[in-house]
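# Analysis of the macromolecular model
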Amino acid sequence: MTELFGKTKDGQEVTAYLLKNKNGMEAKVLDYGATLVSLMVPDREGISRDVVLGYDTVSGYEEGTCYFGATVGRVANRIGKAQFQLNGTIYQLAKNDNGNSLHGGRDYMNQRMWRTENVSDQEITFLLHSPDGDQGYPGAVDIRVTYTLTDGDELKIHYHAVPEADTLLNLTNHSYFNLNGHGSGPATGQKAMILAQAFTQADAESIPTGEIVPVEGTPMDFRTAKTIGQEIDADYEPLILGKGYDHNWVLDGSGFRKVAQLASEESGICMEVSTDLPGIQFYTGNFIEKENGKSGTIYGKRQGVCFETQYFPDAVNKENFESPITKAGEVYDTTTVYRFIKSS
Ligand code: BGC
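Since the structure is predicted, the reported quantities are computational estimates derived from the model, not experimental observations. Once a new chain begins, its residue numbering starts again from 1 and follows that chain's sequence as written. Local features are withheld for residues below a pLDDT of 70 in this predicted model, meaning they are given only at 70 or higher, and side-chain atom pairs are given and counted only at 80 or more; totals for whole chains, interfaces and linings count all residues. For side-chain calculations, the full set of non-hydrogen atoms in the structure is used, while hydrogens and water are omitted.

### Focus: the packing of aromatic side chains
The pairing test for Phe, Tyr and Trp rings, Trp by its six-membered ring, is centres within 6.5 Å, and the orientation test on the planes gives stacked under 30 degrees, edge-to-face over 60, and tilted for anything in between. Counted by the stated rule, this structure contains 22 aromatic pairs. Relative to tyrosine 61, the ring of tyrosine 55 lies with its centre 4.9 Å away and its plane at 90 degrees, an arrangement referred to as edge-to-face. Here tyrosine 55 and tyrosine 61 have matching classes, each one buried. Taking 5.9 Å as the distance between ring centres and 70 degrees as the angle between the ring planes, the aromatic pair formed by tryptophan 249 and phenylalanine 282 counts as edge-to-face. Of this pair, tryptophan 249 sits in strand S21 (residues 246–251) while phenylalanine 282 sits in strand S24 (residues 279–283), placing them 33 residues apart in sequence. Overall, phenylalanine 282 belongs to the buried group, its relative accessible area being 0%. Just above the ring of phenylalanine 222 sits the side chain of lysine 226; from NZ or CZ to the centre is 4.3 Å. Burial status follows relative accessibility: with a 1.4 Å probe on protein chains alone, a residue under 20% of its type maximum counts as buried, one over 50% as exposed, and anything between as partly exposed. Helix and strand assignments follow DSSP, with helices taken as H or I runs no shorter than four residues and strands as E runs no shorter than two, numbered in order from the N terminus. As a reminder, the over-ring test applies to NZ of lysine and CZ of arginine, requiring each to be within 6 Å of the ring centre and within 35 degrees of the ring normal.

### Observations regarding the nonpolar core
Throughout, nonpolar core names a set of buried Ala, Val, Leu, Ile, Met, Phe, Trp, Tyr and Cys residues whose side chains join them through atoms within 4.5 Å. Core analysis: the biggest nonpolar cluster contains 60 residues, and Leu39, Tyr147, Trp249, Phe282, Phe307 and Phe340 have the highest contact counts within it. Ranked by the residues each element gives to this core, the list is headed by strand S13 (residues 141–149), at five residues. Apart from the residues lying within four places of it in its own chain, the contact partners of phenylalanine 282 are Ala192, Ile194, Phe222, Ile228, Tyr245, Asp246, His247, Trp249, Val305, Cys306 and Phe307. Residues Val14, Val37, Tyr61 and Tyr299 belong to the second largest nonpolar core, which totals 17 residues. Pairs of residues are marked as contacts when any of their non-hydrogen atoms sit within 4.5 Å.

### Considerations on the site of the ligand
Residues in contact with the ligand, as listed here, are Tyr67, Arg78, His103, His174, Tyr176, Asp246, Gln281, Tyr283, Phe287 and Glu308. Under the rule applied, a polar contact is a pair of N or O atoms within 3.5 Å (in protein, one hydrogen donor and one hydrogen acceptor; residues adjacent in sequence only if both atoms are side-chain atoms). The side chain of histidine 103 places a nitrogen or oxygen atom 3.0 Å from an oxygen atom of the ligand. Taking aspartate 246, its side chain carries an N or O atom lying 2.5 Å from an oxygen atom of the ligand. The Shrake-Rupley method, run with a 1.4 Å probe, gives the accessible areas here. Residue values count only the displayed protein chains as cover. For the ligand, whose unbound accessible area comes to 310 Å², protein coverage reaches 93%. The cavity where the ligand resides is the largest pocket. Here a residue is considered near a molecule or strand provided that any single heavy atom belonging to it is located within 4 Å of it. Here a cavity is any set of points on a 1 Å grid over the protein atoms alone where a 1.4 Å probe fits but cannot get out, and a pocket is any open set with protein on both sides within 12 Å along at least 5 of 7 lines; a residue lines the site when it has an atom within 4 Å of a point. Whether a molecule sits in a cavity or pocket is decided by its atoms, more than half of which must lie within 2 Å of the grid points.

### Overview of the pairing of S13
Residues in a regular strand project their side chains so that they alternate between the two faces of the sheet. Summarising burial for S13: seven of the nine residues are buried, a large majority. Two strands qualify as a pair provided DSSP detects at least 2 bridges between them. Looking at chain direction, S13 and strand S14 (residues 154–161) are connected through seven bridges and run antiparallel. Bridging from a neighbouring strand, threonine 146 pairs with histidine 158 of S14. Taking the residues that link successive antiparallel strands as the turn, the S13-S14 hairpin has four residues, and the phi of aspartate 153 there is positive, at about 60 degrees.

### With respect to the sheet that holds strand S2 (residues 13–20)
Reading across the sheet, the five strands line up as S1-S2-S3-S4-S5 and stay open at both edges, with antiparallel pairing between neighbours. Either end of the sheet is taken by a strand with one partner, and the two such strands are strand S1 (2–7) and strand S5 (48–50). Within the sheet, the average angular offset between the axes of one strand and its neighbour, ignoring direction, is 20 degrees. An axis is simply a line fitted to the C-alpha atoms; with a helix, the fit covers only the stretch in contact. Between two such axes, the angle follows the N-to-C directions and lies from 0 to 180 degrees.

### Things to note about unusual backbone geometry
Most peptide bonds take the trans form, and the phi angle of most residues other than glycine is negative. At the junction of glycine 73 and arginine 74, the peptide bond is cis and its omega measures out at 0 degrees in the coordinates. Checked against the element boundaries, arginine 74 lands in the loop between strand S6 (71–72) and strand S7 (78–79). With phi around 55 degrees, lysine 81 is a residue other than glycine that occupies positive phi space. With respect to the helices and strands, lysine 81 occurs in the loop between S7 and strand S8 (83–86).

### Comments concerning the sheet that holds strand S19 (residues 208–214)
Pairing within the open sheet is antiparallel, and its five strands lie in the order S19-S18-S21-S24-S27. Looking at strand neighbours, the two that pair on one side only are S19 and strand S27 (306–310), the edges of this open sheet. Sheet twist, expressed as the average angle between the axes of neighbouring strands with direction ignored, equals 30 degrees. Sheet analysis places strand S18 (residues 196–202) next to S19, joined by four bridges and oriented antiparallel. Bridging across to S19, alanine 202 finds its partner in proline 208.

Here it is, written out as structure tokens:
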């Protein structure tokens, strides 16, 4: 099902596509930014709650700075000094975060019109042509993002791209989840689990130092599920610098596997995150400030939390981090799944 969502500032029509599964889950996605606008999930009473933050209008997405539901690329997270070297050439990107590059830098992919392909009741593919030099990155590339809402209560996001020249690719989805519903206040009472023995240490600008620090004995330890708020304000330098959790965890294992979980005792909704990627930025919405969201809600600090699956931040400049480079003609193919389970 499709509906007109609104128009961009320059008059382009934005269409909302509704995906539905047999258990009453519904996802609304836009061709503007390949954005996830809403995700309705039945709670333990069978009443649907919209578990992601978002806006009701196109202008919300045009002007918003929080990346609600956004498809972020070409490179999610930060690149130090907005610079990297590839095949002997130095590439300079836009500096949009303390002299660093964040989430693709200014000419954001989440603020462009994407084309659609293969639209059905449970699946849609968005396609964006990114020319050579786009955002400062080499190599033209067609980027495809497919959302599938399965009858197994999974929202599956599949990314596919084949660049024409060696380049960096590190796309992610920046949805903010709140399993009590998007307008229900802080998400810090919900329990998170991250299957990671370590995280990447970062400086005051959130650029990794290259050091991999064990979570053992620190507030970063989410190997056993714990309430997000339990230690979020601890006197621990990484949390002070990040104003809460805003770090990349070094995920256990490799290949497609479960890497994280979020659960709410109040709604009885539990979400499992699975991916084939090596890292996850767990960001607790520390910088959300009076953001005018859906249904007249004003979102504040920590009202939603992000599980941004990705290559590690600044990986291109760190020899010990898995490379985010996709070579010419190589296939960039990655999948992240958010699976919903009802607890009694
Ligand atoms: C970053 C945060 C940033 C947020 C919104 C997250 O991915 O880690 O530092 O504030 O995106 O821009």
